[in-house]
Amino acid sequence: MAQVLEFAQLSDFEAVYHASEKAQTHAELFTVIDAAIRSFGFPWFALVDDGDLIKGRSSCLFMTNYPSSWVDEVTTNRLYRDDPVHAASIRSPTGLCWERIHDVIAPTHVQLSVLERGRAHGLESGYTVPFRIPGERGAFFSVARRKDGAFTYAEATVAQLVGGIAFQRGRE
């Protein structure tokens, strides 16, 4: 992945932005974001509202290509309520590498079990960007991979830029 990111240019992010502008539906936006994160070497992403996902609100922002078995487990068991990634990342203005959760919060046993359950589905490592706009529901954008280890600055920047595009277009 590092080689892909070494050659990334601002024009690559402009192309993602322009492609997202052409997306007329969330399904089309999903296709754009999925292709973008894969082009930068990440197999998975998620863009989700900060709230109760099980209610199925029509306005709920929920876009992911995470393994369906994990998505089913998270929504059925409401694991998002105890997600330490979200609890820690809201304390960072630019995002958080999942390996740094312990630096930001003292996760509970329940929160640690959510992390372990995610790893069982292949989500070994990730980076999550929180989005907060006063008066609106917050959201999170994450990229994830199987390889364990801290994210590089370039990888974090990709998550921030692509996540910002996805969030902006997803809420329109």
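Residues numbered from 1 in each chain as written. Predicted model: local features only at pLDDT ≥ 70, side-chain atom pairs only at ≥ 80, totals over all residues. Heavy atoms only, no water.

Draft legend 1. Quick peek at the sheet that holds strand E3 (residues 96–97). Strand order across the open sheet formed by five strands is E2-E1-E5-E4-E3, with antiparallel pairing between neighbours. Of all strands in the sheet, those with a lone pairing partner are strand E2 (62–64) and E3, marking the two edges. Inspection of the sheet shows strand E1 (residues 44–49) paired to E2 by three bridges, in the antiparallel sense. Across the sheet, Leu47 pairs through a bridge with Met63, a residue of E2. (Pairing = 2+ DSSP bridges. Helix = DSSP H or I, 4+ residues; strand = E, 2+ residues; numbered from the N terminus.)

Draft legend 2. Region of the structure containing helix H3 (residues 26–39). Over its 14 residues, H3 runs 20 Å from end to end, which matches the ideal 20 Å to within 8%, given 1.5 Å per residue. The set of residues buried in H3 consists of Leu29, Val32, Ile33, Asp34, Ala36 and Ile37. Summarising the contacts, the buried residues of H3 are in contact with helix H2 (10–22), E1, E2, strand E5 (139–145) and helix H8 (153–170). Directly beyond the C-terminal end of H3, a positive phi value near 100 degrees is found at Gly41. (Expected span 1.5 Å × (residues − 1). Buried < 20%, exposed > 50% of the residue type's maximum accessible area, 1.4 Å probe, protein only. Contact = heavy atoms within 4.5 Å.)

Draft legend 3. How the structure looks around the pattern of salt bridges. For the structure on display, the rule yields seven salt bridges. Its salt-bridge partner being Asp34, residue Arg38 comes within 2.9 Å of it at the nearest N-O pair. With Arg38 and Asp34 both in helix H3 and four residues apart, the pair spans about one turn of that helix. Assessed through its relative accessible area of 16%, Asp34 is described here as buried. Taking the shortest distance from any N to any O, the salt bridge between Glu155 and Arg145 comes out at 2.7 Å. Here Arg145 lies in strand E5 and Glu155 lies in helix H8, a separation of ten residues in the sequence. Of the two residues examined, Glu155 and Arg145, each falls in the buried class. (Salt bridge = Lys/Arg side-chain N within 4 Å of Asp/Glu carboxyl O.)

Draft legend 4. Structural detail: the environment of Asn65. With respect to the helices and strands, the residue Asn65 is situated in the loop between E2 and helix H4 (68–76). A polar contact of 3.0 Å, which involves the side chain of Asn65, links it to the backbone oxygen of Pro43. From its side chain, Asn65 meets the backbone nitrogen of Phe45 in a polar contact 2.6 Å long. (Polar contact = N/O pair within 3.5 Å; in protein donor to acceptor, adjacent residues only side chain to side chain.)

Draft legend 5. Structural view of the packing of aromatic side chains. Considering all chains together, one arrives at six aromatic pairs under this definition. Between the aromatic rings of Tyr127 and Phe151, the centroid separation amounts to 6.0 Å while the plane-to-plane angle is 35 degrees, which identifies the pairing as tilted. Residue Tyr127 is located in strand E4 (residues 125–131), and its partner Phe151 is located in the loop between E5 and H8; the two are separated by 24 residues in the primary sequence. Feature note: the residues Phe30, Phe45 and Phe141 constitute an aromatic cluster, connected by ring pairs. A cation over an aromatic ring shows up here: Arg145 above the ring of Phe151, its NZ or CZ 4.0 Å from the ring centre. (Phe/Tyr/Trp six-rings, centres within 6.5 Å; stacked < 30°, edge-to-face > 60°. Lys NZ or Arg CZ within 6 Å of the ring centre and 35° of its normal.)

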